[in-house]
Each structure stands twice: as structure tokens, then as C-alpha cells.
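Structural overview
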Amino acid sequence: MTDADPRELENIGIDLAREAGQLARERRSAGVSIAATKSALADIVTDADREVEALIRSRLRELRPADGFLGEESDADPGRSGITWVVDPIDGTVNYAYGIPFYAVSIAAVQGTSDPQTWTALAGAVYVPSLDEMFHAARGSGAWLGDRRLYVEADVSAAGALLATGFGYDPATHAGDLGRVARVMPIARDIRRMGAASIDLCSVAAGRVDGYFERGLKPWDHAAAALIVTEAGGRFALLPADDTGRVLVIAAVPGVFDRLSTLAQP
Ligand code: LIP
């Protein structure tokens, strides 16, 4: 076990997310090039993704050399401190590549292994450069948007839940994803597809949507924002993987969480 102070880790995450977000924004303004595709043709990585992750990783080596690292664009390092930094350098990569301003830098510090089912999130920061919005949380110290404390509502309005979701990069998953949207519509007033999971989750914490569901996220997509949701009084769960190994992420205000979880499965 380690005696790392969650508030100290939160401050590191905030500072690095802001510096990395400014770099991402500069690169976006200069023009973005696709460096490669990954799991599917639609699953792209830009040169900026790699550069931003390298910046965050080098800063963490200076600040917290014994900690582990799990990032979307580089090799994992287990570290030796019991703390692992889980990083999505540019969440919403497709938005970023198209010039849609909904992308974020997501940085979390977790205690334990790099398996989301076993780790304890200690701190998280999600920075949205285009809006200059910094969502952040330290375990036990609440969720914040800048210096504004975040609290979710207990339930949704009589009009129904405003729900956010996303779809996988693999076209073979789209029919199942669309079927899931159809199944949740009876409790929804409308659906939003914003294109960045960390922003979707922070939107739950900020009361901008009532819930979010998506199958197929990676640990770095939700590591920071899941803590921000729960520290704001929301509920978050990783539900069992389907036969393709994709876990189902559910986050919502307490009054709709159970209904959404039931309808969004399998
Ligand atoms: C993306 C998520 C999005 C999801 C995409 C992808 P990336 O993360 O933020 O919600 O629908 O499939 O996982 O690839 O931009 O870091």
C-alpha cells in the first residue's frame, strides 16, 4: 500500500492535464495528421495523441518516478509504488481529427493493478481545452468544475432522462449498439452522442446529462471521469463484458441508474 495523498495527486493531474491540453490545442490549430489506425479503420491515432502522451509521461517520470503508467498510445509500466497513472492523451480523437471541439485530456491516479475492476481511483482530472473546463476530483474530497463543487440531482424530470452514449469503432458492433439505444428510449427524453467518453461522464457529474451508457470503452476513457461522477454523488459501474470482451459502462444520477443498467444490457 502507499500513503500517497489524493489531493497531491489531483493537483499533479490538474497541472499536467492543462499543460497537455494546451499542447493538443496548439497542434489542432496547426493542422492534424493521422499517424495510424488501430483496432479498426475508424480507430485512428494522430501524431498529437502520441506527442501529448509523451509529454504527460515525461512529466510524471520527473514528478513521480516510482509510479506506474497505463496510456492509450504507449507501453504499460507497472511501476513500484502501487500507484498507476491512467492516461488518455486525447479522448475524442475522431472529434479532434475532424476539428470538432469536443475532446479532452484525461489523467487518473489509481491504487492497485491496472485492471479497472480491482483498482481504487484516488484522483482524476479531465480537461476540455476548447472550453477551458477542468473537471477534477480527489477521493473523498468531492468533484469540481474549476472551483465550483458538483452535485448530481437525485432523480430525473418527468420528461425523462437525457442520456449520452457512444458507438464502437468496429462496424460489427453498431447493430448491437443501436439496439441498446432502442431499449433505453422508454426512459429517455432524448439521446446525445458527443464523441468523448470522459466528457460524457463529466457531463453526468455536472448535471448536463442524466446518464451515460456505452459498451467497449478502454480503462483510460473512464478512469478519471468515473471518480468525478461518484464524487459528485452519481453512480458508476463496469458491467460484465459481452462475447466480444467489451465491458458496459453505466453512469447516472441515482434515480435512474438501476433502470438504465437493466435496459442497457446485454
Ligand atoms: C473514444 C471514446 C468514445 C467512444 C469511441 C472511443 P478515443 O475514445 O471517447 O466515447 O465512442 O469509440 O472509445 O478513442 O477517442 O480515446
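The structure reproduced in this document is the subject of the present report. Predicted model only: the values in this text are computed from it and were never measured.

As enumerated under the stated definition, the model contains one aromatic pair in all. Ring centres of tyrosine 96 and tyrosine 103 lie 4.8 Å apart, and the angle between their planes is 75 degrees; on these two criteria the pair is classed as edge-to-face. You'll find tyrosine 96 and tyrosine 103 in the same group, each marked buried.

As a further point, take the pairing of strand β5 (residues 104-111). Counted residue by residue, β5 has eight buried out of eight residues, so it is predominantly covered. On β5, burial covers both faces: Ala104, Ser106, Ala108 and Val110 on one face and Val105, Ile107, Ala109 and Gln111 on the other are all buried. Here β5 pairs with strand β6 (residues 120-128) via seven bridges, running antiparallel. Considered in β6, the bridge of serine 106 is made with valine 126.

With that settled, consider the pairing of strand β14 (residues 248-252). In terms of burial, β14 is a largely internal element, five of the five residues being buried. Pairing of strand β12 (residues 211-215) with β14, which is carried by five bridges, proceeds in the antiparallel orientation. Bridge pairing in β14 links glutamate 214 to valine 249. Inspection of the sheet shows strand β13 (residues 235-239) paired to β14 by five bridges, in the antiparallel sense. What sits directly across from phenylalanine 236, in β14, is alanine 251.

Relative to the assigned elements, glutamate 10 resides in helix α1 (residues 6-30). Contacts of glutamate 10, omitting those with residues within four sequence positions, involve Ala123, His136, Ala137, Ala138 and Trp144.

We now examine the site of the ligand. What surrounds the ligand is a group of 16 residues, the closest being Asp91, Tyr169, Arg193, Ala197 and Glu214. Within the side chain of aspartate 88, a nitrogen or oxygen atom sits 2.9 Å from an oxygen atom of the ligand. Between the ligand and phenylalanine 167 there is a distance of 3.3 Å, counted from an oxygen atom to a backbone nitrogen or oxygen. About the coverage of the ligand: the protein hides 94% of its 370 Å² of free accessible area. If you list the elements that add at least two residues to the shell around the ligand, you get β4 (83-91) and β12. Here the residues of the shell around the ligand sort into six nonpolar, four polar and six charged.

Counted under the stated rule, the structure contains 17 salt bridges. We note a salt bridge from arginine 64 to glutamate 8, for which the minimum N-O separation is 3.4 Å. Highlighted residues: arginine 64 in the loop between α2 (47-63) and β3 (68-71) and glutamate 8 in helix α1, separated in sequence by 56 residues. A relative accessible area of 15% means that arginine 64 is categorised as buried. In this structure glutamate 8 comes out as partly exposed when scored by relative accessible area, which is 38%.

Moving on, we get to the packing of helix α5 (residues 197-205) against helix α6 (residues 219-231). A pair of packed helices can be characterised by two numbers: the angle between their axes and the separation between those axes. Where α5 meets α6, the closest approach of the two axes is 8 Å, and the angle between their N-to-C directions is 5 degrees. Our classification of the angle between α5 and α6 gives roughly parallel. On the side of α5, the interface is formed by Ala197, Ser198, Leu201, Cys202, Val204 and Ala205, while α6 contributes Asp221, His222, Ala225, Ala226, Ile228 and Val229.

Thresholds, definitions, all that
- Along each chain, the written sequence defines residue order, and numbers are assigned to residues from 1.
- Only residues with pLDDT of 70 or above have their local features reported here, since the model is predicted, and side-chain atom pairs are shown and tallied only from 80 upward, although totals for entire chains, interfaces and linings are computed over all residues.
- Hydrogens and water molecules were not included; the side-chain quantities draw on all heavy atoms of the structure.
- Only centres within 6.5 Å qualify two rings of Phe, Tyr or Trp (six-membered ring in Trp) as a pair; their planes then separate them into stacked at under 30 degrees, edge-to-face at over 60, and tilted for everything else.
- Summary of the burial criterion: residues with accessible area below 20% of their type's maximum are buried, those above 50% are exposed, and those between are partly exposed, where the area comes from a 1.4 Å probe applied to protein chains only.
- Under the DSSP-based scheme used, a helix requires at least four consecutive residues in state H or I and a strand at least two consecutive residues in state E, with every element numbered from the N terminus.
- For two strands to pair, DSSP has to find at least two bridges joining them.
- Note on contacts: a residue pair is in contact if any heavy atoms of the two residues lie within 4.5 Å.
- Being near a molecule or strand, for a residue, means having at least one of its heavy atoms within 4 Å of it.
- Here a polar contact is taken to be a pair of N or O atoms separated by no more than 3.5 Å, where protein atoms must pair a possible hydrogen donor with a possible acceptor and residues adjacent in sequence count only if both atoms sit in side chains.
- With residues, only the protein chains shown are counted as cover, and all accessible areas are computed by Shrake-Rupley using a 1.4 Å probe.
- Residue classes follow a fixed rule: Ala, Val, Leu, Ile, Met, Phe, Trp, Tyr, Cys and Pro count as nonpolar, while Asp, Glu, Lys and Arg count as charged, and any other residue, Gly among them, counts as polar.
- Salt-bridge detection follows one rule: a side-chain nitrogen of Lys or Arg within 4 Å of a carboxyl oxygen of Asp or Glu.
- Axis lines are fitted through C-alpha atoms, for helices just across the contact stretch, and the angle between N-to-C directions can take any value from 0 to 180 degrees.
- By the definition adopted for this analysis, an angle is roughly parallel if under 35 degrees, roughly antiparallel if over 145, roughly perpendicular if from 65 to 115, and oblique otherwise.

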